[in-house]
Amino acid sequence: MSVVLYGSPSTASLVVHWLLIELGIAHELRQLDFDKREQKSPEYLAINPQGRVPALLIDGKVLTESAAIAMHLADLHPGAKLAPDVGTPARAAYYRWMFFCAYTLMPAYRSWFYADEPAGEANSAVVKERARQQIEAAWLQVAGHLEGHGPYLLGAQVSAADFVLTMLMRWSRNMPRPSDRWPALAAFARRMKDRPSFVEVYRREGLTDWT
Ligand SMILES: N[C@@H](CCC(=O)N[C@@H](CS)C(=O)NCC(=O)O)C(=O)O
């Protein structure tokens, strides 16, 4: 199987890179330089017309959307048990949290980091403020869930959803109220950051903050 990851350090490609390492999947990493807007180059737009990372090529077939890629990688390696069996209550909870990440947190983050997109530069401040509120409300909800049902999103068993959530927690590190201000989330993040694969993806991407 040939696997190529298009990414950029510290972005949504991080969870894919992290899972490739966690699962021991041989891959080639092609990091795009956002300062040079390489994600909008004609060559890359031919791979992902959205001009965003990540894009994963498996035997030449393109897959985008970090949560979808995370789920597919977990399915490719059932032995790692990062995805519960189809049809079980745990699988349902797994969908729930993956989609919570993709439907609730990711759009709010997009508004936070690209605040001019929804309604132009003139409305950026109000968009950003609303995004902050949405993200903080999400942390409150997830923290409450982990307090009652943790230590991972599905309880005792770590899953690919925890990897996605950890990446999203990290994105809040420079926000007014970072995710790890909620003690249950801080404890969760600590467990995830202690995984050797997290240390390794940090090393490979040259990251030093939020350790
Ligand atoms: N929902 C997408 C989000 C992808 C996304 O927004 N990626 C950002 C980096 S975190 C990006 O490529 N930004 C570059 C741009 O929009 O020009 C996913 O999870 O893969």
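The structure we're discussing is the one just above.
No experiment lies behind these values; they were computed from the predicted model shown.

Undergrad: I tried to follow the pairing of strand β4 (residues 61-64) on my own but got confused; where do I start?
TA: Along a regular strand, successive side chains alternate from one face of the sheet to the other. Of the pairings in the sheet, the one linking strand β3 (residues 55-58) to β4 comprises 4 bridges and is antiparallel in character. By the bridge assignment for β4, L56 is matched with L63.

Undergrad: Even after reading the chapter, I still don't get the site of the ligand, so can you show me in this structure?
TA: Neighbouring the ligand are 14 residues; V53, E65, S66, R110 and Y114 lie closest to it. R110 is positioned with one of its side-chain polar atoms (N or O) 2.9 Å from an oxygen atom of the ligand. Y114 has a polar side-chain atom sitting 2.7 Å from a nitrogen atom of the ligand. In isolation the ligand exposes 510 Å². Once the protein is present, 88% of that is buried. Of the residues assigned to the shell around the ligand, the class counts are 6 nonpolar, 4 polar and 4 charged.

Undergrad: Could you clarify how one ought to interpret the side chain of S124 in this entry?
TA: Mapping S124 onto the fold places it in helix α5 (residues 124-149). Contact partners of S124, with chain neighbours within four places excluded, come to A115 and D116.

Undergrad: Even after reading the chapter, I still don't get the environment of A131, so can you show me in this structure?
TA: Inspection of the secondary structure assignment puts A131 in helix α5. When its relative accessible area of 1% is taken as the criterion, A131 is described as buried. With 36 residues separating them in the primary sequence, A131 and Y95 have C-alpha atoms 23 Å apart. Leaving out residues up to four positions away in the same chain, A131 has contacts with A108, S111 and W112.

Rules behind the numbers
- Counting starts from 1 at the beginning of each chain's written sequence and moves along it residue by residue.
- Owing to the predicted nature of the model, reporting of local features is limited to residues with pLDDT of at least 70; listing and counting of side-chain atom pairs is limited to 80 or more, with chain, interface and lining totals taken over all residues.
- Think of the side-chain values as coming from all heavy atoms in the structure, minus any hydrogens and water.
- Strands are labelled as partners when DSSP assigns at least two bridges between them.
- Under the scheme used here, helices are H or I runs from DSSP no shorter than 4 residues and strands are E runs no shorter than 2 residues, and both carry numbers assigned from the N terminus.
- Nearness here has a simple test: a residue counts as near a molecule or strand if at least one of its heavy atoms is within 4 Å of that partner.
- Two N or O atoms form a polar contact when they lie within 3.5 Å of each other; inside protein one atom must be a possible hydrogen donor and the other a possible acceptor, and for residues adjacent in sequence the pair counts only when both atoms belong to side chains.
- Residue exposure ignores everything except the shown protein chains as possible cover, and the areas themselves are Shrake-Rupley values with a 1.4 Å probe.
- We call Asp, Glu, Lys and Arg charged. Ala, Val, Leu, Ile, Met, Phe, Trp, Tyr, Cys and Pro are nonpolar, and the rest, Gly among them, are polar.
- Residue contacts are defined here by distance: any two heavy atoms, one from each residue, within 4.5 Å place the two residues in contact.
- Burial classes: relative accessible area under 20% of the type maximum marks a residue as buried, over 50% as exposed, and values in between as partly exposed (1.4 Å probe, protein chains only).

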